[in-house]
Amino acid sequence: MGSWPLPRKLVPLIAGMVLASALSHVHAAEPPATDFNVAVRPFLAQHCTKCHGERKQAGKLALHQLDGSLTSEKSRETWARIAEKLWLGEMPPEDEPRPSPHASGRVVSWLTAEFARAGHKLTPPPSLELPGGGNRVSHEALFAASTTPGTPPPATAARLWRVSPQIYDELLRGELGKNARGVTQPFSALTGEGFKDFAGAFTVDEPTTGLLLRNADAIVAAQTRFSYEAGKFKPAGNTMREFMALLDTNAPPTDVQLRAAIERQFKLVLRRSATAEEQERFLSFARKTMADAGQVTGARTTLAAVLLLPEAIFRSELGAGEPDAHGRRMLSSTELAAALSFALTDRPPDRALQTALDKGQFAASREAGEREVRRILADDTLAKPRILRFSREFFGYHLATEVFKDDKENKDHEARVLVSDTDRLVEFIVAQDRDVLGELLTTRKAFVNFAVDFKKKTPKRATENKKNFHVAYGLPADWQWTAEQPVELPAGQRAGILTQPSWLVAFSMNFDNHPITRGKWVRERLLGGTVPDLPITVDAQLPNTPEQTLRQRLEVTKAEYCWQCHQRMNPLGLPFEQFDHFGRFRTTERVQDKEATAANVDNKGKSRGPVFKEAPLDTRGVIALTGDIRLDGDVTDPLALIQKLAGSERVRLVFVRHAFRYWMGRNETLADAPVLKAADRAYVESGGSFKALLVSLLTSDAFLYRVNPSSRAASVSTAPP
Ligand code: HEC
Ligand code: HEC
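Residues numbered from 1 in each chain as written. Chains lettered and ligands numbered in written order. Predicted model: local features only at pLDDT ≥ 70, side-chain atom pairs only at ≥ 80, totals over all residues. Heavy atoms only, no water.

1. Notes on the overall build of the chain
In plain terms, the rule: Only DSSP runs of H or I with at least four residues qualify as helices, and only runs of E with at least two residues qualify as strands; both kinds are numbered from the N terminus onward. It is over C-alpha atoms that the radius of gyration is taken, and the globule rule equals 2.2 Å times the number of residues to the power 0.38. Exposure is judged per residue with a 1.4 Å probe applied to protein chains only, and the accessible area is read against the type maximum: over 50% gives exposed, under 20% gives buried, and values in between give partly exposed. Should any heavy atoms of two residues lie within 4.5 Å, those residues are considered in contact. Each accessible area value is a Shrake-Rupley result obtained with a 1.4 Å probe; residue values ignore everything except the protein chains displayed when judging cover. Charge counting treats Lys and Arg as positive and Asp and Glu as negative, with His and both chain ends excluded. Working definition for charges: the position is that of NZ of Lys, CZ of Arg, CG of Asp or CD of Glu.
What the chain contains, in helices and strands, is 32 helices and 17 strands. Computed over the C-alpha atoms, the radius of gyration of the chain is 29 Å, within 12% of the 27 Å expected from 2.2 N^0.38 for a compact globule of 721 residues. Based on the C-alpha atoms only, the size of the chain along its principal axes is roughly 95 × 75 × 55 Å. Split into buried and exposed, the 721 residues of the chain put 52% on the buried side. Relative to all contacts within the chain whose residues are 6 or more apart in sequence, the contacts with residues 24 or more apart total 69%. Summed over its atoms, the accessible surface of the chain is roughly 33600 Å², and 53% of this surface lies on carbon and sulfur atoms. Separation between the mean location of the 95 positive side-chain charges and that of the 87 negative ones in the chain comes to 2 Å.

Okay, here's the thing in structure tokens:
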């Protein structure tokens, strides 16, 4: 029996806290022993030794003599390299017959177990643990009719999930915030596109710890300001009675006063009472530090320690119950309550849930969890920013504000308003809760320059000074703004988020469209495919030929070397040439007129600048290499592309996979197949209800159960063919 070793890097350096003891209860069964000659040797012989064997040693690697022993460092290094290739699906090379994902998965499972047995840890390459790595798990294997024998039941590895910057912000928004001026955000989020908050993405490193300590000091200093006037103790600023009772050196605090202060700080920081055990621990800590460092410093250190509790910094998801037949443990009641709250809001359990917890009326179970999810979803007074954030991070339209556009080219452009318009549209569709993905992808409705007056709760224009802002949506210049929104956009021009100006701008360059990144987005987010990263050795430049259309300039990527990657992107992005790089619908493309420009000179022969002409627009595209023949084929324009995608079962399943990743804070593995299938069924059978999808995910085994972290790395499968 061993304990579940959480990655060392997770254990924060802070204040000698209770983490180690929190982890000590987690246990796991030993993985089953399987013979190398059964699990691995035949696989290598069938798929690898042709190139890594007696006759040939590609990459100077020979595999035919390996015996499965992991005692030497050298052998472990070799096996780790093999595991990585299998994990990433990079070996055998692409043009060779593919082993099934299960077959390579089995080898990786065997290796993971053997590494653990030898006292070492085999970890998947980081990309598999990060957003963007999820598509490496084979779609075909995930949704195969039958699961492979030996696949473990769904569960998530026991973990401490560092809180998001938003949760930290919320912490300071309450009563505590009055004393939080000058506090800096200690946590970062992932940058760029994609999901920002994955459990495996962040640790609390030394610089972060430094910031947390500084913040705790600053908050406590503000909470405990006082002075002496003529020798008499005088509270100052935003002070709390309970804290003031600790500070007067003429009247040292009693245990009762110390307990009251500790309780107050727990309520402020964690929004719950201190347990009896915590009361004792913090009381003796206070007594000790006051004796060592003096009354005031000791009191302040004690109050700061509450701010540095793991619970204030991590979402604890270790699983506390008795293990079931598969060695899985359910989250404790406290953990489940927090997990559900953080899944939908950025705050710890609300008053209703906390009260139920305190009174022992909320006991972790699937049914209790479902009741809470439904209650939180139905309660309009509880803000649920996580749903909108999912849609932003999935679609990426909010990145429009990060693309610089020259005012001279379009003085009506206002990225901020484009983004908030799309936010409103998403909220509208989510509130309707019918065929949500279909609506997001195909609706002709839009909010245009639409904001809600915060105080009066009435609609108003989001920007007053961009007179023709609405032209980006294809509305005529004389269109009259209305509070009756959403409005219908002109027929035959738009279909859903991918044709919202916000999305088009987010995936554009400063002075042009960006068909490559648009296509990449469709490939990854809707088709569940992958594109290798742009190699740093490639000089990624399009020819500087302003007399050509962008499609023509992209022809350079049809060179064989470039096309192996670019065929997965460009043909999916080019239909969006239907719009200019501000998102305006167009029927021709403006290019430089070479002859006219050459002739445009003054009488001294000096150029008077470029002359433009309109070139015919080509919006054709190709859906290919999807793994679904019903989907593959040519399309004439963006609307045809989108209609086809929106009607595809595969696209729906890929959307469910993304929702899973966002709400579990990790990528799916083959073991999660039943969870994904159930979530998809819940979505389909409810007529496309996003709430039904959420309820299914948040009551799934993957959400509720935890297992030994090292037992799970291996159930990851390899890349799609
Ligand atoms: C068709 C030939 C071929 C087959 C089959 C093949 N490989 Fe390779 N492998 C190569 C070549 C060529 C290289 C070196 C170039 C590279 O890294 O892409 C290589 C490199 C590797 C490396 C990297 C060595 C290093 O320098 O780190 C590993 C590990 C590897 N292969 C493992 C495997 C495994 C495991 C299999 C079977 C599942 C396999 N290969 C099947 C051709 C092959
Ligand atoms: C291994 C895959 C791969 C190969 C090979 C490749 N590219 Fe790319 N390329 C990419 C990816 C991925 C992107 C998108 C990068 C991003 O997300 O911005 C990209 C982006 C680009 C861009 C746009 C750069 C920008 O400003 O954002 C150009 C231009 C480009 N590639 C040209 C080429 C050319 C020319 C070749 C061949 C000489 C080539 N690429 C080969 C993967 C590849």
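2. Remarks on the pattern of salt bridges
Rules: Think of a salt bridge as a Lys or Arg side-chain nitrogen and an Asp or Glu carboxyl oxygen that are within 4 Å of each other.
What the rule picks out here adds up to 47 salt bridges. Linking D618 and R551 is a salt bridge whose minimum nitrogen-to-oxygen distance equals 3.6 Å. Taken together, the positions of D618 in the loop between strand 14 (612–616) and strand 15 (621–623) and R551 in helix 23 (residues 550–553) put the pair 67 residues apart, joining distant regions of the chain. Residue D618 is classed as partly exposed on the basis of its relative accessible area, which comes to 25%. Here E668 ties to R661 by a salt bridge, and the two come within 2.7 Å at their closest N and O atoms.

3. Focus: the coordination of the iron atom of ligand 2
The condition is simple: For Na, K and Ca the donor cut-off is 3.2 Å; for every other metal, N, O and S atoms count as donors within 2.8 Å. Water does not enter the count, which can leave sites looking incomplete.
When only protein atoms are considered, the iron atom of ligand 2 has one donor, H566 (NE2), at a distance of 2.1 Å. Along the chain, the position of H566 falls in helix 24 (residues 560–566).

4. Things to note about the site of ligand 1
The condition that has to hold: The rule for a residue being near a molecule or strand is that one of its heavy atoms must lie within 4 Å of it. As used in this structure description, the phrase polar contact means that two N or O atoms lie within 3.5 Å; if the pair is within protein, one of them must be able to donate a hydrogen and the other to accept it, and residues adjacent in sequence are counted only when both atoms belong to side chains. Here the term charged refers only to Asp, Glu, Lys and Arg, the term nonpolar to Ala, Val, Leu, Ile, Met, Phe, Trp, Tyr, Cys and Pro, and the term polar to all other amino acids, Gly among them.
In the neighbourhood of ligand 1, 17 residues make up the surrounding shell, with C48, C51, H52, R81 and M91 lying closest. Here a nitrogen atom of ligand 1 sits 2.7 Å away from a polar atom, N or O, in the side chain of H52. Contact between ligand 1 and R81: an oxygen atom at 2.9 Å from a side-chain N or O atom of the residue. The element that contributes the greatest number of residues to the shell around ligand 1 is helix 4 (residues 73–88), accounting for four residues. When its residues are assigned to classes, the shell around ligand 1 shows eleven nonpolar, three polar and three charged.

5. Observations regarding the site of ligand 2
Taken together, 19 residues are adjacent to ligand 2, and H514, L534, C562, C565 and H566 come closest. Residue H514 places a side-chain N or O atom 2.9 Å away from an oxygen atom belonging to ligand 2. Between ligand 2 and H566, the relevant distance is 2.8 Å, taken from a nitrogen atom to a side-chain nitrogen or oxygen of the residue. Of all elements in the fold, only helix 22 (515–526) and helix 24 reach the threshold of two or more residues within the shell around ligand 2. Here the element with the most residues in the shell around ligand 2 is helix 24; it accounts for four residues. Taken together, the residues that form the shell around ligand 2 break down as twelve nonpolar, five polar and two charged.

6. Comments concerning the coordination of the iron atom of ligand 1
Heads up, the condition is: Angle rules define the geometry names used: all angles between 85 and 135 degrees makes four donors tetrahedral, while opposite donors over 155 degrees apart and all other angles between 65 and 115 make four donors square planar and six octahedral, leaving every other case irregular.
Binding of the iron atom of ligand 1 to the protein goes through H52 (NE2) and M91 (SD), at separations of 2.0 to 2.3 Å. One can describe the donor arrangement at the iron atom of ligand 1 as octahedral, given that its six donor atoms subtend angles of 86 to 179 degrees at the metal. Here M91 lies in the loop between helix 4 and helix 5 (101–117) and H52 lies in the loop between helix 3 (41–47) and helix 4, a separation of 39 residues in the sequence. We classify H52 as buried; its relative accessible area is 11%.

7. Side note on the packing of aromatic side chains
Condition: Here a pair means two rings of Phe, Tyr or Trp (six-membered ring of Trp) with centres within 6.5 Å. Their orientation is stacked below 30 degrees between planes, edge-to-face above 60, and tilted elsewhere.
A complete count under the given rule lists 30 aromatic pairs for this structure. Note on F390 and F394: the rings are 5.8 Å apart at their centroids and 20 degrees apart in plane angle, and the pair reads as stacked. Separated by four residues within a single helix, F390 and F394 lie in helix 18 (residues 385–395), roughly one turn from each other. Ring geometry for W503 and W521: centres 5.5 Å apart, planes at 80 degrees, overall edge-to-face. Note that W503 is positioned in helix 21 (residues 501–506) and W521 in helix 22, a separation of 18 residues in sequence. Classification of W503 by relative accessible area gives buried; the value is 0%.

8. Some details on the sheet that holds strand 8 (residues 329–330)
Put simply, the test is: Any two strands between which DSSP finds at least two bridges are classified as paired.
Pairing is mixed in the open sheet, where three strands are placed in the order 3-17-8. Single-partner strands in this sheet number two, and they are strand 3 (156–157) and strand 8.

9. Let's talk about the domain arrangement of the chain
When the parts of a complex come together, some accessible area is lost, and that lost area is often used as the size of the interface. Worth spelling out the cut-off: Each domain's extent was defined by an automatic or database domain assignment.
Taken domain by domain, the chain consists of domain 1 (161–190 + 199–313) and domain 2 (446–640). Each of domain 1 and domain 2 was reduced to a C-alpha centroid, and the two centroids are 52 Å apart.

10. Observations concerning the environment of T112
Note on placement: T112 falls in helix 5. Here the alpha-carbon distance between T112 and Q354, two residues 242 residues apart in the chain, equals 40 Å.

11. A word on unusual backbone geometry
For the bond from Q485 to P486, the omega torsion is 10 degrees, close enough to zero to count as cis. The backbone phi angle of K457 is positive, close to 60 degrees, even though this residue is not glycine. Positive phi is not limited to glycine here, since L625 has a value of about 55 degrees. Position of L625 among the secondary structure elements: in the loop between strand 15 and strand 16 (633–635). Taking relative accessible area as the criterion, L625 reaches 42% and is therefore assigned partly exposed.

12. With respect to the nonpolar core
For clarity, the cut-off: Among buried residues, the Ala, Val, Leu, Ile, Met, Phe, Trp, Tyr and Cys ones that are joined through side-chain atoms within 4.5 Å form a nonpolar core.
Counting residues in each nonpolar core, the largest one holds 104 residues, and the members touching the most others are F395, L498, W503 and W663. Ranked by residues supplied to this core, first place goes to helix 28 (residues 649–664) with nine residues. Once residues within four sequence positions are removed from consideration, W503 is found in contact with F395, Y397, I497, L498, R518, W521 and F576. Judged by nonpolar contacts, the second largest core, of 48 residues, contains L172, A180, F282 and A286.

13. Section: the packing of helix 12 (residues 276–293) against helix 13 (residues 295–307)
A pair of packed helices is characterised by two quantities: the angle between their axes and the separation of those axes. The criterion, for reference: Only the stretch in contact is used when a helix axis is fitted, and all axes are lines through C-alpha atoms; the angle between N-to-C directions ranges over 0 to 180 degrees. Helix crossings get a hand from a simple test, with the near helix turned counterclockwise from the far one by less than a right angle marking a left-handed crossing and a clockwise turn marking a right-handed one.
Contact pair helix 12 / helix 13: the axes reach a minimum separation of 7 Å and the direction vectors enclose 145 degrees. Crossing of helix 12 against helix 13: the hand is right-handed. Of helix 13, the residues touching helix 12 (which contributes F282, F285, A286, T289, M290 and A293) are Q295, T297, G298, A299, T301, T302, A305 and V306. The residue makeup of the contact of helix 12 with helix 13, split by class, is eight nonpolar, six polar and no charged.

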